Amino acid sequence: MAKNEWILDVLSDLNAFAVANGMNALAEQLADTSLIAAAEIASIQDEARASPDGKKVQFEPNPGGFGKHRHA
């Protein structure tokens, strides 16, 4: 497991607890948070694998939702 991916397991466990205990709004928030965490982890991993030409991968918010990658 990569350095930061443990947080996805924690969020999944919290989500399962929320669902099992009827905390539907919390479960929805945790599902959204899991998506954001996965996107940020991917962004960090992409930055660590910057292309040989020196261009960095950047994470930027996207009005359509989750974000997009752009090369600088």
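Residues numbered from 1 in each chain as written. Predicted model: local features only at pLDDT ≥ 70, side-chain atom pairs only at ≥ 80, totals over all residues. Heavy atoms only, no water.

Engineer: Account for the overall build of the chain, with residues named and values stated.
Structural biologist: Of the regular secondary structure elements, the chain holds two helices and two strands. In sequence order, the secondary structure elements of the chain are arranged as α-α-β-β. When burial is assessed residue by residue, the chain has 15% of its 72 residues classed as buried. Within the chain, contacts between residues separated by at least 24 positions form 29% of all contacts whose residues are at least 6 apart in sequence. With the model as given, the accessible surface of the chain reaches about 5300 Å², and the carbon-plus-sulfur share is 58%. (Helix = DSSP H or I, 4+ residues; strand = E, 2+ residues; numbered from the N terminus. Buried < 20%, exposed > 50% of the residue type's maximum accessible area, 1.4 Å probe, protein only. Contact = heavy atoms within 4.5 Å. Areas by Shrake-Rupley, 256 points an atom, 1.4 Å probe, with all protein chains shown as cover.)

Engineer: How would you summarise the environment of D9 if you had to cite specific residues and measurements?
Structural biologist: Relative to the assigned elements, D9 resides in helix α1 (residues 6-20). Between the alpha carbons of D9 and S34 there is a distance of 9.1 Å; along the sequence they are 25 residues apart.

Engineer: Pulling in residues and values, what's your account of the nonpolar core?
Structural biologist: Listed in full, the five residues of the largest apolar core are L11, A18, A27, L30 and A37. Top contributing element to this core by residue count: helix α2 (residues 24-48), with three residues. The residues touching A37, leaving out its near neighbours within four places in the chain, are I7, L8 and L11. (Core = buried A, V, L, I, M, F, W, Y, C linked by side-chain atoms within 4.5 Å.)

Engineer: Tell me what's going on with α1, and back it up with residues and numbers.
Structural biologist: The end-to-end C-alpha distance of α1 is 22 Å, a good match for the 21 Å that 15 residues give at a rise of 1.5 Å each. Listed as buried for α1 are L11, N15 and A18. Buried residues of α1, viewed axially, fall in a sector of 60°; they line one side. Facing away from the buried surface of α1 by more than 90 degrees, the exposed residues are D13 and A20. At its buried positions, α1 is contacted by α2. Looking one or two places after α1, you find G22, whose phi comes out positive at around 70°. (Expected span 1.5 Å × (residues − 1). Arc of directions from axis to C-beta.)

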